[in-house]
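Listed here are the chains, written in short residue letters.
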Amino acid sequence: MLENKQPPGKRSIALPVTLLLLVMSVMGNVLLYTKNIEHARGQSEEDGLAIYSGFEQARDELAYWSKLAASAAEEGAADAGVNRARAGFLAESMDRSERGISALFVKASEQDKVRFAEAPQAYDDFVASHREALERIEAADGSLSESERSALEAAVSDFAELDVILNEFHFTGKDNSSVLIRLSGGHDWLDVADRLMAAVRK
(Lines give C-alpha, C1' and ligand atoms only; values in the text may rest on other atoms or scores of the structure.)
Protein backbone atom coordinates (compact mmCIF):
# COMPACT_ATOMS: atom_id res chain seq x y z
CA MET A 1 0.00 0.00 0.00
CA LEU A 2 1.43 3.36 -0.99
CA GLU A 3 1.76 5.99 1.77
CA ASN A 4 0.61 9.56 1.07
CA LYS A 5 3.68 11.51 2.14
CA GLN A 6 4.26 15.26 1.89
CA PRO A 7 7.12 16.03 -0.44
CA PRO A 8 10.30 16.74 1.58
CA GLY A 9 10.78 20.09 -0.15
CA LYS A 10 7.50 21.50 1.10
CA ARG A 11 8.17 20.43 4.69
CA SER A 12 11.60 22.05 4.70
CA ILE A 13 10.14 25.39 3.51
CA ALA A 14 7.02 25.42 5.70
CA LEU A 15 8.86 24.99 9.00
CA PRO A 16 11.25 27.95 8.61
CA VAL A 17 8.42 30.16 7.36
CA THR A 18 6.29 29.24 10.37
CA LEU A 19 9.16 29.93 12.75
CA LEU A 20 9.89 33.23 11.05
CA LEU A 21 6.25 34.33 11.36
CA LEU A 22 6.23 33.31 15.01
CA VAL A 23 9.40 35.26 15.76
CA MET A 24 8.07 38.33 13.93
CA SER A 25 4.81 38.11 15.87
CA VAL A 26 6.66 37.92 19.20
CA MET A 27 8.93 40.82 18.24
CA GLY A 28 5.92 42.89 17.19
CA ASN A 29 4.20 42.25 20.52
CA VAL A 30 7.35 43.14 22.46
CA LEU A 31 7.73 46.36 20.46
CA LEU A 32 4.09 47.31 21.04
CA TYR A 33 4.39 46.55 24.76
CA THR A 34 7.57 48.65 24.98
CA LYS A 35 5.87 51.56 23.20
CA ASN A 36 2.92 51.35 25.59
CA ILE A 37 5.27 51.41 28.58
CA GLU A 38 7.14 54.41 27.19
CA HIS A 39 3.89 56.23 26.50
CA ALA A 40 2.55 55.52 29.99
CA ARG A 41 5.83 56.63 31.55
CA GLY A 42 5.87 59.81 29.48
CA GLN A 43 2.29 60.60 30.48
CA SER A 44 3.10 60.00 34.14
CA GLU A 45 6.06 62.35 33.93
CA GLU A 46 3.85 65.03 32.34
CA ASP A 47 1.26 64.63 35.09
CA GLY A 48 3.95 64.79 37.76
CA LEU A 49 5.45 67.92 36.24
CA ALA A 50 1.99 69.57 36.21
CA ILE A 51 1.64 68.84 39.94
CA TYR A 52 5.15 70.12 40.69
CA SER A 53 4.45 73.28 38.66
CA GLY A 54 1.18 73.72 40.55
CA PHE A 55 3.11 73.94 43.81
CA GLU A 56 5.57 76.43 42.33
CA GLN A 57 2.76 78.59 40.95
CA ALA A 58 0.83 78.41 44.21
CA ARG A 59 3.86 79.63 46.13
CA ASP A 60 4.37 82.52 43.68
CA GLU A 61 0.68 83.48 43.77
CA LEU A 62 0.54 83.54 47.55
CA ALA A 63 3.65 85.72 47.73
CA TYR A 64 2.11 88.15 45.22
CA TRP A 65 -1.28 88.21 46.93
CA SER A 66 0.30 88.71 50.35
CA LYS A 67 2.25 91.68 49.05
CA LEU A 68 -0.87 93.23 47.54
CA ALA A 69 -2.96 92.71 50.68
CA ALA A 70 -0.23 94.08 52.96
CA SER A 71 0.24 97.14 50.71
CA ALA A 72 -3.51 97.78 50.68
CA ALA A 73 -3.61 97.62 54.49
CA GLU A 74 -0.79 100.13 54.99
CA GLU A 75 -1.63 103.01 57.26
CA GLY A 76 -0.90 106.59 56.41
CA ALA A 77 -1.08 106.17 52.65
CA ALA A 78 -1.06 109.48 50.80
CA ASP A 79 -4.01 108.39 48.69
CA ALA A 80 -6.57 106.08 50.29
CA GLY A 81 -7.95 105.42 46.83
CA VAL A 82 -4.73 103.58 45.97
CA ASN A 83 -5.27 101.19 48.88
CA ARG A 84 -8.81 100.52 47.74
CA ALA A 85 -7.69 99.99 44.15
CA ARG A 86 -5.11 97.45 45.38
CA ALA A 87 -7.84 95.59 47.25
CA GLY A 88 -9.90 95.44 44.06
CA PHE A 89 -6.94 94.26 42.04
CA LEU A 90 -6.28 91.50 44.58
CA ALA A 91 -9.93 90.42 44.38
CA GLU A 92 -9.71 90.20 40.59
CA SER A 93 -6.39 88.34 40.68
CA MET A 94 -7.75 85.73 43.09
CA ASP A 95 -10.98 85.32 41.15
CA ARG A 96 -9.32 84.84 37.77
CA SER A 97 -6.65 82.39 38.90
CA GLU A 98 -7.00 78.84 37.62
CA ARG A 99 -3.48 77.73 38.45
CA GLY A 100 -1.67 77.27 41.76
CA ILE A 101 -3.78 75.90 44.60
CA SER A 102 -6.87 75.81 42.40
CA ALA A 103 -5.12 73.51 39.89
CA LEU A 104 -3.69 71.36 42.70
CA PHE A 105 -7.14 70.74 44.14
CA VAL A 106 -8.46 69.75 40.71
CA LYS A 107 -5.58 67.28 40.34
CA ALA A 108 -6.16 65.95 43.85
CA SER A 109 -9.86 65.40 43.15
CA GLU A 110 -8.93 63.46 40.01
CA GLN A 111 -6.51 61.21 41.89
CA ASP A 112 -8.65 60.61 44.98
CA LYS A 113 -12.28 61.25 44.14
CA VAL A 114 -13.53 60.43 47.65
CA ARG A 115 -11.00 62.27 49.77
CA PHE A 116 -10.90 65.42 47.65
CA ALA A 117 -14.37 65.45 46.13
CA GLU A 118 -15.18 68.80 47.75
CA ALA A 119 -11.70 70.35 47.51
CA PRO A 120 -12.24 72.47 44.36
CA GLN A 121 -15.52 73.87 45.72
CA ALA A 122 -13.97 74.52 49.14
CA TYR A 123 -11.26 76.60 47.49
CA ASP A 124 -13.81 78.45 45.35
CA ASP A 125 -15.71 79.32 48.54
CA PHE A 126 -12.47 80.50 50.18
CA VAL A 127 -11.71 82.76 47.23
CA ALA A 128 -15.30 84.05 47.09
CA SER A 129 -15.25 84.97 50.77
CA HIS A 130 -12.12 87.09 50.40
CA ARG A 131 -13.24 88.49 47.06
CA GLU A 132 -16.49 89.80 48.49
CA ALA A 133 -14.70 91.56 51.35
CA LEU A 134 -12.09 93.01 48.98
CA GLU A 135 -14.71 94.24 46.52
CA ARG A 136 -16.57 96.02 49.32
CA ILE A 137 -13.32 97.74 50.29
CA GLU A 138 -12.73 98.79 46.70
CA ALA A 139 -16.25 100.19 46.33
CA ALA A 140 -16.15 102.34 49.50
CA ASP A 141 -14.65 105.83 49.86
CA GLY A 142 -12.24 107.56 52.19
CA SER A 143 -9.61 106.14 54.47
CA LEU A 144 -9.81 102.49 55.40
CA SER A 145 -11.87 101.68 58.46
CA GLU A 146 -10.60 99.37 61.17
CA SER A 147 -12.86 96.57 59.94
CA GLU A 148 -11.59 96.99 56.38
CA ARG A 149 -7.99 96.93 57.55
CA SER A 150 -8.78 93.84 59.62
CA ALA A 151 -10.20 92.11 56.53
CA LEU A 152 -6.97 92.80 54.63
CA GLU A 153 -4.84 91.60 57.53
CA ALA A 154 -6.96 88.44 57.71
CA ALA A 155 -6.19 87.82 54.05
CA VAL A 156 -2.47 88.24 54.73
CA SER A 157 -2.75 85.78 57.63
CA ASP A 158 -4.62 83.22 55.53
CA PHE A 159 -2.09 83.47 52.72
CA ALA A 160 0.76 83.04 55.19
CA GLU A 161 -0.86 79.92 56.65
CA LEU A 162 -1.29 78.39 53.21
CA ASP A 163 2.31 79.25 52.35
CA VAL A 164 3.59 77.42 55.44
CA ILE A 165 1.66 74.31 54.41
CA LEU A 166 2.84 74.59 50.80
CA ASN A 167 6.44 74.60 51.95
CA GLU A 168 5.97 71.14 53.46
CA PHE A 169 6.20 69.99 49.86
CA HIS A 170 9.75 69.10 48.80
CA PHE A 171 10.69 71.51 46.01
CA THR A 172 13.42 69.24 44.69
CA GLY A 173 13.66 66.75 41.84
CA LYS A 174 11.81 68.69 39.17
CA ASP A 175 14.07 67.16 36.51
CA ASN A 176 14.02 63.69 38.07
CA SER A 177 11.68 61.32 36.23
CA SER A 178 11.30 59.08 39.31
CA VAL A 179 10.15 62.04 41.42
CA LEU A 180 7.64 63.11 38.76
CA ILE A 181 6.26 59.58 38.37
CA ARG A 182 5.80 59.34 42.16
CA LEU A 183 3.90 62.63 42.15
CA SER A 184 1.66 61.39 39.33
CA GLY A 185 0.81 58.38 41.49
CA GLY A 186 -0.28 60.57 44.41
CA HIS A 187 2.86 60.13 46.48
CA ASP A 188 4.64 62.95 48.36
CA TRP A 189 1.94 65.59 47.88
CA LEU A 190 -1.64 64.48 48.61
CA ASP A 191 -1.12 64.81 52.36
CA VAL A 192 -0.03 68.41 51.78
CA ALA A 193 -3.13 68.96 49.64
CA ASP A 194 -5.22 67.54 52.49
CA ARG A 195 -3.82 70.11 54.93
CA LEU A 196 -4.38 72.87 52.38
CA MET A 197 -8.00 71.80 52.08
CA ALA A 198 -8.42 71.87 55.85
CA ALA A 199 -6.96 75.40 55.93
CA VAL A 200 -9.27 76.84 53.27
CA ARG A 201 -12.32 75.27 54.91
CA LYS A 202 -11.77 76.93 58.30
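Residues numbered from 1 in each chain as written. Predicted model: local features only at pLDDT ≥ 70, side-chain atom pairs only at ≥ 80, totals over all residues. Heavy atoms only, no water.

All right, on to the packing of aromatic side chains then. Summed over the entire model, instances satisfying the criterion amount to nine aromatic pairs. A ring pair is formed by Phe-55 and Trp-189, whose centres lie 6.1 Å apart and whose planes are at 90°; its orientation type is edge-to-face. Of the two residues, Phe-55 sits in helix 1 (residues 8-72) while Trp-189 sits in the loop between helix 6 (177-184) and helix 7 (190-200), which places them 134 residues apart along the sequence. By relative accessible area, which is 1% here, Trp-189 ends up buried. (Phe/Tyr/Trp six-rings, centres within 6.5 Å; stacked < 30°, edge-to-face > 60°. Helix = DSSP H or I, 4+ residues; strand = E, 2+ residues; numbered from the N terminus. Buried < 20%, exposed > 50% of the residue type's maximum accessible area, 1.4 Å probe, protein only.)

With that out of the way, let us pick up the confidence of the model for the chain. Looking at the chain as a whole, the pLDDT averages 87, with 86% of positions reaching at least 70. Across the chain, element-level confidence peaks in helix 7 with a mean pLDDT of 97 and bottoms out in helix 1 with 80. (pLDDT = per-residue confidence, 0-100.)

Glancing now at a nonpolar patch on the surface. A cluster of nonpolar side chains, namely Ile-13, Val-17, Leu-20, Leu-21 and Met-24, defines an oily patch on the protein surface of about 510 Å² accessible area. Here Met-24 is to be found in helix 1. (Patch = residues over 30% accessible without salt bridge, like charges linked within 9 Å, V, L, I, M, F, W, Y side chains within 5 Å. Areas by Shrake-Rupley, 256 points an atom, 1.4 Å probe, with all protein chains shown as cover. Salt bridge = Lys/Arg side-chain N within 4 Å of Asp/Glu carboxyl O.)

Another point: the nonpolar core. For soluble globular proteins, nonpolar side chains are generally found buried alongside one another. The biggest cluster of nonpolar side chains holds 45 residues, and the ones touching the most others in it are Phe-55 and Trp-189. For this core, the secondary-structure elements that each account for two or more residues are helix 1, helix 2 (80-96), helix 3 (100-111), helix 4 (119-139), helix 5 (146-166), helix 6 and helix 7. Considering every element that reaches this core, the biggest residue donor is helix 1, with nine residues. Discounting chain neighbours no more than four positions away, the residues touching Phe-55 are Leu-104, Leu-166, Phe-169, Phe-171, Trp-189 and Val-192. (Core = buried A, V, L, I, M, F, W, Y, C linked by side-chain atoms within 4.5 Å. Contact = heavy atoms within 4.5 Å.)

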